[in-house]
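Single-letter residue listing:
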Amino acid sequence: MRRNGKIAILTGGGDCPGINAVIRAVAKKAMLEYGMEVIGIKDGYEGIIHNYYRQFSFDDVSGILTLGGTILGTSNTANPYRYPSKKGNSGTEFNNVSQTALTNIAGLGIDCLVCIGGDGTLSIANSLFIDGVPVIGVPKTIDNDIQGTDITFGFNSAVTIATEGVDRLHTTAQSHHRVMIVELMGRNAGWITLQTGVASGCEVILIPEIPYDIAKVVEKVKDRNSQGKRFSIIVVAEGARQMGGDVVVQRVIKESTDPIRLGGIGFVLGREIEELSGIETRTVVMGHLQRSGVPTPFDRVLATRLGCRAVDMIMNNRFGYMVGVIGDSLKEVSLGEVAKGQRNIPLDEPLIRDARSVGTCFGD
Ligand code: F6P
């Protein structure tokens, strides 16, 4: 392939710790090892549609390894194939502006567009690839729910933050003899909640993959009380639901590539537990704290490995692929596979079995 020696980096979807570490790895390796020119697209696909970008100097990508968020900005509504625009009182209209996006990308004269994002961003990257753009994907999300990779960067940081929060809640739960419920993010996948619950020794872990029976949850907290352990800590994923029930939706963002924002199950659960057990119950929503601040060392290392591998993939013309992690090794996965859907916790996940073995209740 003829090379221009120029690449672009884009970050899309919700931010998470470690994005800047990937930007740094891709840009530094591309500049240092291959003398490439690197540009950064601003605000995800919004920047592609409107030609917002900046030229990176080496200094721009230096000193950002530990910085949370993304120095490029992001968007979770700008989809070139379904671009929203407000139409007065008649609401939002969606248009296919992919031709503009493709023309703009061609105008950049790049050898590759590196797309750092979750399933929404990577599905769009796949469509761009099908439309002839040389793209490479890097999986990003605290939710850890991307197909084709065992782990995404950002996940370890989210679990670390959530675990620290739950650890802290022990003292107040114990002092007031209360049930404390902690609602965690993760969309329709329970990875953050499962790992946090195990790491902080929660009595009950409620995840979307295992709908719960409220009677079982109440039985667990009452049992503990009768054994003299007069407090319980429950972690609940925002996407969890009662058997036969539905998820709790906090808001719908029509323009978003994934419009449903979950949230509120912690309060529903809290009211029910208090009513049925007579034990005072409080709910804490960890929310966007899980996405904020510095990445853990684990995520910094992972982000650096992924970013460097992405540059190798550019040099090997492995366009249309994402760099994933299987076991301890990096693996190239086709974006077509990634676009097939989200990755949930399989019911035979060994960590669920181990948690049950140490007495954790999953509400089933
Ligand atoms: O995908 C990351 C995530 O933080 C989810 O865990 C959560 O459901 C969602 O994004 C929240 O989105 P927003 O930042 O739009 O509120």
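Placed above this text is the structure.
Residues numbered from 1 in each chain as written. Predicted model: local features only at pLDDT ≥ 70, side-chain atom pairs only at ≥ 80, totals over all residues. Heavy atoms only, no water.

Draft legend 1. Looking closely at the overall build of the protein chain. Scanning the protein chain from terminus to terminus reveals eleven helices and 15 strands. Its C-alpha atoms give the protein chain principal-axis dimensions of about 75 × 50 × 35 Å. The contacts in the protein chain between residues at least 6 apart in sequence include a share of 72% that link residues at least 24 apart. On the protein chain, roughly 15,000 Å² of surface is accessible, and the fraction owed to carbon and sulfur atoms is 49%. (Helix = DSSP H or I, 4+ residues; strand = E, 2+ residues; numbered from the N terminus. Contact = heavy atoms within 4.5 Å. Areas by Shrake-Rupley, 256 points an atom, 1.4 Å probe, with all protein chains shown as cover.)

Draft legend 2. Region of the structure containing the packing of helix α6 (residues 191-199) against helix α11 (residues 350-357). Close contact between α6 and α11 brings their axes to 11 Å; oriented N to C, the two are set at 35°. Along this stretch, α6 crosses α11, giving a crossing that reads as left-handed. On α11, the residues touching L194, Q195 and V198 of α6 are L351, I352 and A355. When grouped by side-chain class, the residues that make up the contact of α6 with α11 number five nonpolar, one polar and no charged. (Axes fitted to C-alpha atoms, helices over the stretch in contact; angles between N-to-C directions. Left-handed = near helix turned anticlockwise from the far one by under 90°. Nonpolar A, V, L, I, M, F, W, Y, C, P; charged D, E, K, R; others polar.)

Draft legend 3. Spotlight on the side chain of K6. Looking at where K6 falls in the secondary structure, it is placed in strand β1 (residues 6-11). Within the buried set, K6 has no salt-bridge partner at all; the shortest N-O distance to an opposite charge, 4.0 Å, is to E37. Of the polar contacts made by the side chain of K6, one reaches the backbone oxygen of L108; its length is 2.8 Å. When neighbours within four sequence positions are excluded, K6 is seen to be in contact with E37, I39, L108, G109, I110, D111 and C112. (Buried < 20%, exposed > 50% of the residue type's maximum accessible area, 1.4 Å probe, protein only. Lys, Arg positive; Asp, Glu negative; His and termini not counted. Salt bridge = Lys/Arg side-chain N within 4 Å of Asp/Glu carboxyl O. Polar contact = N/O pair within 3.5 Å; in protein donor to acceptor, adjacent residues only side chain to side chain.)

Draft legend 4. Molecular detail of the side chain of D119. Summarising the element assignment, D119 is placed in helix α4 (residues 119-130). Polar contacts involving the side chain of D119 include one to the side chain of Q342, which spans 3.1 Å.

Draft legend 5. Main features of the packing of helix α1 (residues 19-34) against helix α9 (residues 297-315). With their axes 7 Å apart at the nearest point, α1 and α9 run at an angle of 45° to one another. Between α1 and α9, the angle falls in the class oblique. Along this stretch, α1 crosses α9, giving a crossing that reads as right-handed. Contacts between α1 and α9 involve A21, V22, R24, A25, V26, K29, A30 and Y34 on the former and, on the latter, A303, T304, G307, C308, A310, V311, D312 and M315. Its residues assigned to classes, the contact of α1 with α9 comprises eleven nonpolar, two polar and three charged. (Parallel < 35°, antiparallel > 145°, perpendicular 65-115°, else oblique.)

Take it as geometry only, folks, not as evidence of what the structure does.
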